[in-house]
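Chains, contacts and geometry: an overview
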Amino acid sequence: MSFIEIKSLKIYACHGVLEEEKTNPQPFCFDVRMEYDFCKAAQSDDLNLTLNYDEVMHDVSDFCQSNRFDLIETLCARTATMLMRKYPIQSIKVSVSKPDAPVSLCFDTVKVTTQLTRRIVLLSLGSSMGDRQSYLDMAINELKCHADITLQKVSTPFENPPYGGVAKATFINMAAQISTYLSPKELLDAIHQIEYKAKRIRDVRWGDRTLDIDIVFFGDIVSNDEALTLPHPDFQNREFVLSPLVEIAPNFRCPLSKKTVKELYDDWKSNN
């Protein structure tokens, strides 16, 4: 694991809630810690194989000076996102300090910090209504074009009988592997927007639908949040989930069972 750090980058800009803060530049200090594998650059001494920290600092400066935000929380979060979108960074930690914050007390500075990490996410996609393949193709294209998602692999589609006893039509199912630094909730919101574009109607649980996208694995995250359970519940009992996942990510390891996707699929086949 390798890191490139920029400390105490001072930039004068206009951010704040008060009117004078919006017109009178004041100092903001940035600390940026980027996880980046510069092993090849260290071996070859080639700048092209590492992050150019001069370019990174100018990007931060330009972004800070060309925007106006009320909150340094917004400045911090959007700076981190800007850098993650532009550079192949595995993770980033950005802190923004405001030493001249208009507070009538004695203090050194006010500081906020945010951190983003890219994770591998495995998705299961299905459609049983209308032009099924077109809905799936649209979903894959939406994932590919999303600024905060990198589409890495897509399985071949295959037809599958309905599951759960409610849906009646035959499904086309497939899987996708993506990389993203969005939070699970943010990714779920993005997925719901894609399903909305496909005119997905959520009136009958497990019923036929134009498009269904489920998050099966989100890196090594385990969560029982009522809005999103990770890994996806009951995935290990669904061939239409496991079979396409084996094609694109056979060695991905479930954070609960510690088994690979291939091992889980073999378990399913031995029990069915």
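Relevant structure appears above.
First, a word on what this report is: a plain description of the structure on this page. All of these numbers come straight from a predicted model, not from anything done at the bench.

1. Considering the overall build of the chain
Across its full length, the chain carries 8 helices and 11 strands. The dimensions of the chain, computed from C-alpha atoms along their principal axes, are 70 × 50 × 30 Å. In the chain, which comprises 272 residues, the proportion classed as buried is 46%. Looking at the chain alone, contacts between residues at least 24 apart form 64% of all its contacts between residues at least 6 apart. Surface exposure of the chain reaches about 14700 Å², of which carbon and sulfur atoms provide 49%. A gap of 3 Å separates the mean positions of the 31 positive and 38 negative side-chain charges of the chain.

2. Some words on the pattern of salt bridges
One pass over the structure, following the stated rule, counts 15 salt bridges. In this structure, the salt-bridge partner of Glu21 is Lys98, at a minimum N-O distance of 2.6 Å. One end of the pair, Glu21, is in helix α1 (residues 19–23); the other, Lys98, is in strand β3 (residues 91–98), and 77 residues separate them in sequence. Lys98 matches Glu21 in its accessibility class, with the two residues each being buried. Here Glu55 ties to Lys86 by a salt bridge, and the two come within 3.4 Å at their closest N and O atoms. Here the residue Glu55 occupies a position in helix α3 (residues 53–66), and Lys86 occupies one in helix α4 (residues 72–86), the gap between them amounting to 31 residues. Overall, the relative accessible area of 44% leaves Lys86 in the partly exposed class. Connected through salt bridges with shared partners, the residues Glu55, Asp59 and Lys86 form a single ionic network.

3. Some words on the environment of Tyr181
Within the secondary structure, Tyr181 sits in the loop between β8 (171–180) and α6 (184–197). The buried category is assigned to Tyr181, whose relative accessible area is 6%. The sequence separation of Tyr181 and Gln115 amounts to 66 residues, and the corresponding C-alpha distance is 9.5 Å. Among all residues touching Tyr181, those that are not within four sequence positions of it are Thr81, Met84, Arg85, Leu116, Thr117, Arg118, Ala147 and Asp148. One polar contact links Tyr181 to Asp148, side chain to side chain, over a distance of 2.6 Å.

Analysis parameters
Residues numbered from 1 in each chain as written. Predicted model: local features only at pLDDT ≥ 70, side-chain atom pairs only at ≥ 80, totals over all residues. Heavy atoms only, no water. Helix = DSSP H or I, 4+ residues; strand = E, 2+ residues; numbered from the N terminus. Buried < 20%, exposed > 50% of the residue type's maximum accessible area, 1.4 Å probe, protein only. Contact = heavy atoms within 4.5 Å. Areas by Shrake-Rupley, 256 points an atom, 1.4 Å probe, with all protein chains shown as cover. Lys, Arg positive; Asp, Glu negative; His and termini not counted. Charge placed at Lys NZ, Arg CZ, Asp CG, Glu CD. Salt bridge = Lys/Arg side-chain N within 4 Å of Asp/Glu carboxyl O. Polar contact = N/O pair within 3.5 Å; in protein donor to acceptor, adjacent residues only side chain to side chain.

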